[in-house]
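# Results of the structural survey
These are the residues of each chain, in order.
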Amino acid sequence: MYAPGSTAVVTGAAGGIGLAIAERLATEGFRLVMADLDPEVERVAGGLAALAVVGDCATEAGVANLVSQALDHLGEIDVFVGNAGTDAGRGLDTPDEQWSTALEVNLMAHVRSARLLVPRWLDRGAGRYVLTASAAGVLTMLGSAPYSVSKHGAVAFAEWLRATYGHRGIVVQAICPQGVRTRMLDQAGPLKELLSRDRALEPEEVAEVFWHALDHDQFLVLPHPEVAGYYAQRAAHPDAWIAGMQRIQAKLDAGVTR
């Protein structure tokens, strides 16, 4: 377990899961840097005695600026929480620019952060990258191809990162919740009820699961334990799983959400 005075960076920290994680870390004595595209992060960071960095953590320049400011402020980064995400796009008619946004924010932000963090962590022999993916990253997300694809990519990258560097002291974990009471869930339309079928969690509940995950090295962190069963079923019976998803999609097409 990390001692008071440990350091962390949290992206997407102006609200929702990111803010809840930052608040949980602050209560445990972490020194924090909180980043977001939303200037609101400056206000909430002030209440936690954290440094706020306003900028786009999905771009190469934005990531470089964030890591540079974090290192200047913290000295070292013990835990990096890549939490920023977007649900841009829907189906096959999603324009290329929204596909690009989803891939940049949900996937490439992690790649760019890891490029800067991993060499430093290898030198010191320790570091932890916690990536907020989604149950969509291990199952799928009906109604949003870009979200599903980019979150699958995020989980795949996290797995590769851990397989490549785990034996050298770097811990990589992917948090994969289903429905969480955030703006994203509120704007999910007919999918809101589906995402909440196993209970929509409060962001603070996800943050609590995150905090306990820091005490171990488990790769997949599942705030909704039911996801483990779905994941196993999908792997063991992929055709049956897809057939079930098709039935759900047919109900959504017909306007039936239950």
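Helix and strand counts for the protein come out as 10 helices and seven strands. Taken over C-alpha atoms, the radius of gyration comes to 18 Å for the protein, in line with the 18 Å a tight globule of 258 residues would show. With respect to the principal axes defined by its C-alpha atoms, the protein has extents near 55 × 40 × 35 Å. A fraction of 65% describes how many contacts in the protein between residues 6 or more apart in sequence connect residues 24 or more apart. Side-chain charges in the protein split into 21 positive and 30 negative, and the spacing between the mean points of these groups amounts to 4 Å.

The subject of this paragraph is the pattern of salt bridges. Following the criterion strictly, the structure yields eight salt bridges and no others. Of the charged contacts in the structure, one is a salt bridge between glutamate 40 and arginine 43, with a shortest N-O distance of 2.5 Å. With a gap of three residues between them, glutamate 40 and arginine 43 both fall in helix α2 (residues 40–46), about one helical turn apart. Accessibility expressed as a relative area gives 30% for glutamate 40, which makes it partly exposed. You can call arginine 43 exposed: its relative accessible area is 57%. One network of salt bridges, with partners in common, ties together Arg24, Glu28 and Glu208.

Running from amino to carboxyl end, helix α1 (residues 16–27) crosses helix α8 (residues 203–213) at an angle of 50°, the nearest separation of the two axes being 8 Å. Classified by the angle between their axes, α1 and α8 sit oblique to one another. Crossing angle aside, the handedness with which α1 passes α8 is right-handed. Contacts between α1 and α8 involve Gly16, Ile17, Ala20, Ile21, Arg24 and Leu25 on the former and, on the latter, Pro203, Glu204, Val206, Ala207, Glu208, Phe210 and Trp211. Each residue belonging to the contact of α1 with α8 can be placed in one class, and the counts come to nine nonpolar, one polar and three charged.

Once that is clear, we can look at the environment of glycine 82. Structurally, the position occupied by glycine 82 is in strand β4 (residues 79–82). Taking the C-alpha atoms as reference, glycine 82 lies 20 Å from methionine 1; in sequence the two are 81 residues apart.

Further remarks concern the pairing of strand β2 (residues 31–36). For β2, a buried count of five out of six residues is recorded, marking the element as mostly surrounded by other parts of the structure. Strand direction decides the pairing type here: strand β1 (residues 7–11) and β2, joined by five bridges, are parallel. Counterpart to threonine 7 in the pairing with β2 is arginine 31. Note that β2 and strand β3 (residues 51–54) share four bridges and pair parallel. Across the sheet, alanine 35 pairs through a bridge with valine 53, a residue of β3. For the segment spanning β2, α2 and β3, crossover handedness is right-handed.

Turning to the packing of aromatic side chains, a few remarks are in order. A ring pair, where both rings are aromatic, is described by two values, the distance of the centres and the angle of the planes. As enumerated under the stated definition, the model contains six aromatic pairs in all. Each ring, one from phenylalanine 157 and one from tryptophan 160, has its centre 6.2 Å from the other, and the planes form 20°; the classification is stacked. Note that phenylalanine 157 and tryptophan 160 are positioned in helix α5 (residues 145–165) at a spacing of three residues, about one turn of the helix. Centre to centre, the rings of tyrosine 230 and tryptophan 241 are 6.3 Å apart; their planes meet at 40°, and the pair counts as tilted. Of this pair, tyrosine 230 sits in helix α9 (residues 226–236) while tryptophan 241 sits in helix α10 (residues 238–253), and the two are 11 residues apart along the sequence. Of the residues examined, tryptophan 241 reaches a relative accessible area of 13% and is grouped as buried. Each residue in the set Tyr2, Phe30 and Trp211 is aromatic and connected to the rest through ring pairs, giving one cluster.

One open sheet holds the seven strands; their spatial order is β3-β2-β1-β4-β5-β6-β7, and the pairing between them is parallel. Two strands bound the open sheet, and with one partner strand each, they are β3 and β7 (220–221). Note that β1 and β4 share three bridges and pair parallel. Opposite alanine 8, over in β4, you have valine 79 as the bridge partner. Helix α4 (residues 96–124) contacts β4, β5 (127–132) and β6 (170–175) of the sheet and is inclined by roughly 165° relative to β5.

Locating serine 6 in the fold gives a position in the segment before β1. A polar contact is formed between the side chain of serine 6 and the backbone oxygen of alanine 3, at a distance of 2.7 Å. Excluding its chain neighbours within four sequence positions, the residues that come into contact with serine 6 are Gly29, Phe30, Arg31 and Asp78.

Quick notes on the rules
Residues numbered from 1 in each chain as written. Predicted model: local features only at pLDDT ≥ 70, side-chain atom pairs only at ≥ 80, totals over all residues. Heavy atoms only, no water. Helix = DSSP H or I, 4+ residues; strand = E, 2+ residues; numbered from the N terminus. Rg over C-alpha atoms; globule rule 2.2 N^0.38 Å. Contact = heavy atoms within 4.5 Å. Lys, Arg positive; Asp, Glu negative; His and termini not counted. Charge placed at Lys NZ, Arg CZ, Asp CG, Glu CD. Salt bridge = Lys/Arg side-chain N within 4 Å of Asp/Glu carboxyl O. Buried < 20%, exposed > 50% of the residue type's maximum accessible area, 1.4 Å probe, protein only. Axes fitted to C-alpha atoms, helices over the stretch in contact; angles between N-to-C directions. Parallel < 35°, antiparallel > 145°, perpendicular 65-115°, else oblique. Left-handed = near helix turned anticlockwise from the far one by under 90°. Nonpolar A, V, L, I, M, F, W, Y, C, P; charged D, E, K, R; others polar. Pairing = 2+ DSSP bridges. Right-handed = clockwise from strand over helix to strand, strands pointing away. Phe/Tyr/Trp six-rings, centres within 6.5 Å; stacked < 30°, edge-to-face > 60°. Polar contact = N/O pair within 3.5 Å; in protein donor to acceptor, adjacent residues only side chain to side chain.

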